[in-house]
Amino acid sequence: MTTIPAKNPAIPASAWWLAALPPLFFSGNFLFARAMRDVIPPFQMSFWRWAVALVILIPFCLPPIRAQWPRILANLPFLALLGAIGVTAFNCFVYAALHHTTVVNGALVNSLLPIATFLLAFLILKQRLAPRQILGVLVSLAGAAVVIARGDLAALGGFSPNRGDLLVLAGMSFWALYTVLIRWRPLGLEPMALLGVTIAFGVLFHLPLVAWEYQTEGGFTLDPASAGTILYLAIFPSILAYIFWNRSVAVLGPGRTGMFMHLLPIFSAVLATVFLGERLAPYHALGFALVVVGILIVTRPPAARPT
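Draft legend 1. Geometry of the overall build of the chain. Per the secondary structure count, the chain includes 13 helices and zero strands. Residues classed as buried in the chain amount to 51% of the 307 residues present. A separation threshold of at least 6 residues defines the contact pool for the chain, and within that pool the share at least 24 residues apart is 92%. For the chain, the exposed surface amounts to about 14500 Å²; the carbon and sulfur share of it is 72%.

Draft legend 2. The arrangement of the packing of aromatic side chains in detail. On inspection of all chains with the given rule, the structure shows 17 aromatic pairs. Plain terms: the ring middles of Phe47 and Trp48 are 5.1 Å apart, the flat faces sit at 75° to each other, and that makes the pair edge-to-face. On the accessibility criterion, Phe47 (11% relative accessible area) is buried. Aromatic ring contacts, followed pair by pair, group Phe26, Trp50, Phe90, Trp175, Tyr178, Tyr242 and Trp245 into a single cluster.

Draft legend 3. Spatial organisation of helix α1 (residues 13–35). Helix length check: α1 (23 residues) gives 35 Å between terminal C-alpha atoms against 33 Å at 1.5 Å per residue, within 8%. Along α1, the positions that sit buried rather than exposed are Ala15, Ala19, Ala20, Pro22, Pro23, Phe25, Phe26, Ser27, Gly28, Asn29, Phe30 and Ala33.

Cut-offs and rules
Residues numbered from 1 in each chain as written. Predicted model: local features only at pLDDT ≥ 70, side-chain atom pairs only at ≥ 80, totals over all residues. Heavy atoms only, no water. Helix = DSSP H or I, 4+ residues; strand = E, 2+ residues; numbered from the N terminus. Buried < 20%, exposed > 50% of the residue type's maximum accessible area, 1.4 Å probe, protein only. Contact = heavy atoms within 4.5 Å. Areas by Shrake-Rupley, 256 points an atom, 1.4 Å probe, with all protein chains shown as cover. Phe/Tyr/Trp six-rings, centres within 6.5 Å; stacked < 30°, edge-to-face > 60°. Expected span 1.5 Å × (residues − 1).

Have a look at this one:
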């Protein structure tokens with residue numbers, strides 16, 4: 001297992017679009033999970049999401065897994081760790097949190113993810129944070145706070161953490177750690193092989209949690225609503241989001257990629273407008289503008305030094 005070489009300064013434009021898609025898919029994940037929280041228990045929701053995703057991916061993942069089996073075996077503990085933190089822990093904590101916290105509190109805690117990613121990248125990868133990047137993080141965080149507070153920043157003064165907030169914080173911390181550790185993925189391991197093995201470990205680690213939950217809370221009825229929810233969760237915030245996220249981390253780095261998670265509350269507001277009939281307000285435009293400016297500050301390349 002070796003680290004990824006330094007990225008090429010010439011970053012393709014598609015990398016920025018890929019980094020923006022996972023927050024969009026995760027916004028849909030939150031909406032579906034929140035709407036179905038009283039129908040599907042959280043650990044079972046997470047398990048069936050990833051079990052279905054794994055079944056869909058088998059035809060695409062099995063050939064590269066077979067071809068690279070010796071390389072996979074040599075890095076099995078690391079791949080198991082990625083599955084444990086990026087698939088099992090992150091999703092179980094978030095789905096459980098939606099039973100105990102409000103949308104405002106959960107979104108505010110989630111907006112701390114880019115800061116946690118930068119901090120872990122500094123501690124683990126020794127990536128230093130330039131002053132302009134600190135400024136970009138603060139500007140982007142301010143934009144997310146504007147949306148979360150619905151334009152009334154004074155409302156944030158009454159923010160107090162509860163059990164659900166702590167669960168969101170734990171889940172986001174695991175995702176930040178996954179974002180940083182994915183930079184150490186084995187060289188030469190094909191993305192589909194990496195994704196397939198990671199998800200397989202994640203599904204495996206779900207089993208004791210699902211068994212405990214089924215004994216204490218029971219199961220759920222499979223109907224069109226629950227089946228449609230699981231199918232969406234399996235395809236968009238699972239398969240596509242993880243493929244795009246892993247690629248973005250490889251090209252942009254964990255710090256820059258993590259900044260795009262500030263788009264999550266923005267996308268959530270837009271989706272709520274489209275699907276729930278809520279109306280956009282001026283604070284949405286202000287918050288979105290601040291988020292975009294913060295991302296641009298962090299992601300723009302540093303000025304070339306004169307020779």
